[in-house]
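Structure at a glance
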Amino acid sequence: MDASRRSYDEQAARWNGPAGHAWVELQGVLNQMFGPIEELLVDAVSAEHAAGVLDVGCGTGSITRAVARRVGHCTGVDISGPMIEEARARAEQEGVPASFVQADAQEYAFEPAAFDAVVSRFGVMFFSDPVRAFTNLRSTVKDGAGLRCVVWRGPEENPFMTTAERAAAPFLPELPARRPDQPGQFAFADPERVHRILAESGWAGIDIAPIDVVCTLPEKELVTYFTRLGPLGTVLPEADERTRAEIVEVVRPAFDPFVEGTEVRYTAACWMVSARAGTAKLS
């Protein structure tokens, strides 16, 4: 099995398994936490005057629905069956003009030149072959279409995101290591790499600007957040009750620097990635 296929299988298993279900169950907390980033992206894509938008890595569809309300129609694509199912149900319930596709955006045969813009909130860092993925996305937009993605900068600038795994490391030596050259949260931390990926994929006018966004979540949701999501969420379900309790007892105080009364507050250090589809079609 080649590395690309193995990476795809790992991502599919993750997002169609416990991680996908956790995102569905915690979508209210996550949508609140990332609400300021959603506003930035929706405002940016609305300014494009796009009639049809593709939301990549749409999850439970919060961005998709928000964009659809503003521009008229948005299509969300995600590899996760549980999240796509929830996204469809939410869109139907709210009566917004959004549609959803469960697929790997790296491989899916989108209709050529079908969209006026591409948007993504933390959804493009998981491709096994990012050049191939962004080439595929280029093929489904019109010449000159805009691309707007928010991705994480490095872990050193996002200590909140690594607090749990650092605190739990003595108890969980099997925690998967984060590798910047592999699909994952910080895969697009290097702006030169991101620029190279986009340029090789047929995108032009590339701009990668730092943004720092204050995010919050209720303190009462903090333990659920760090035990269900991220690296701990992949291993704690297999831990016995005693080990789990010991880890929570150690990890929870590590978040104290981010707790302000009943609220958890941190700064998300991200890149706002912008580009336009070049006029030369790639085969």
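Relevant structure appears above.
Residues numbered from 1 in each chain as written. Predicted model: local features only at pLDDT ≥ 70, side-chain atom pairs only at ≥ 80, totals over all residues. Heavy atoms only, no water.

Across its full length, the chain carries twelve helices and eight strands. A compact globule built from 283 residues should have a C-alpha radius of gyration of about 19 Å, and the chain, at 19 Å, falls within 12% of that. If one aligns the C-alpha atoms of the chain with their principal axes, the spans along those axes are about 55 × 40 × 30 Å. Within the chain, the fraction of its 283 residues that count as buried is 54%. Residue pairs at least 24 apart in sequence account for 80% of intrachain contacts in the chain once pairs closer than 6 positions are excluded. (Helix = DSSP H or I, 4+ residues; strand = E, 2+ residues; numbered from the N terminus. Rg over C-alpha atoms; globule rule 2.2 N^0.38 Å. Buried < 20%, exposed > 50% of the residue type's maximum accessible area, 1.4 Å probe, protein only. Contact = heavy atoms within 4.5 Å.)

Turning to the pairing of strand β4 (residues 115–121), a few remarks are in order. Counting buried residues along β4, six of its seven residues qualify, which places the element largely inside the surrounding structure. As defined by bridge partners, strand β1 (residues 53–56) adjoins β4 across three bridges and the pair is classed as parallel. In the sheet register, Asp 55 faces β4, and the bridge partner there is Val 119. As judged from the six bridges shared by β4 and strand β5 (residues 141–152), these two strands associate in the parallel manner. What sits directly across from Val 119, in β5, is Arg 148. Handedness of the crossover joining β4 and β5 through helix α7 (residues 130–139) is recorded here as right-handed. (Pairing = 2+ DSSP bridges. Right-handed = clockwise from strand over helix to strand, strands pointing away.)

If you trace the backbone, Arg 252 turns up in helix α12 (residues 241–254). At a separation of 3.0 Å, a polar atom in the side chain of Arg 252 contacts the side chain of Glu 219. Excluding residues that lie within four positions of it along the chain, Arg 252 makes contacts with Glu 219, Leu 222, Val 223, Phe 226 and Val 259. (Polar contact = N/O pair within 3.5 Å; in protein donor to acceptor, adjacent residues only side chain to side chain.)

Before going further, it helps to examine the packing of helix α2 (residues 18–25) against helix α6 (residues 81–94). Here α2 crosses α6 at 25°, and the two axes come no closer than 7 Å. Judged by the angle between their axes, α2 and α6 are roughly parallel. Listed contacts from α6 to Gly 20, His 21, Trp 23 and Val 24 of α2 are Pro 82, Met 83 and Glu 86. For the contact of α2 with α6, the class distribution of residues is four nonpolar, two polar and one charged. (Axes fitted to C-alpha atoms, helices over the stretch in contact; angles between N-to-C directions. Parallel < 35°, antiparallel > 145°, perpendicular 65-115°, else oblique. Nonpolar A, V, L, I, M, F, W, Y, C, P; charged D, E, K, R; others polar.)

As a further point, take the packing of aromatic side chains. Under the defined criterion, the tally for this structure stands at twelve aromatic pairs. With 6.2 Å between their ring centres and 85° between their planes, Phe 127 and Phe 134 make a pair best called edge-to-face. Phe 127 gets classed as buried once you look at its relative accessible area, which sits at 10%. Of the aromatic side chains, those joined through ring pairs into one cluster are Phe 160, Tyr 225, Phe 226, Phe 255, Phe 258 and Tyr 266. Between the NZ or CZ atom of Arg 153 and the centre of the ring of Trp 271, over which it lies, the distance is 5.5 Å. (Phe/Tyr/Trp six-rings, centres within 6.5 Å; stacked < 30°, edge-to-face > 60°. Lys NZ or Arg CZ within 6 Å of the ring centre and 35° of its normal.)

With that settled, consider the pairing of strand β2 (residues 74–78). The element β2 is largely enclosed, with a buried count of five among its five residues. Of the strand pairs in this sheet, β2 and strand β3 (residues 98–102) are connected by five bridges, and their pairing is parallel. The partner of Thr 75 across the bridge, within β3, is Ser 99. What joins β2 to β3 is α6, and the crossover it makes is right-handed.

The end-to-end C-alpha distance of α6, which contains 14 residues, comes to 20 Å, matching closely the 20 Å that a straight helix rising 1.5 Å per residue would cover. One side-chain oxygen at the N-terminal end of α6 lies 3.3 Å from the backbone nitrogen of Met 83; it belongs to Ser 80. Positioned one or two residues after α6, Gly 95 has a phi angle of 70°, which is positive. (Expected span 1.5 Å × (residues − 1).)

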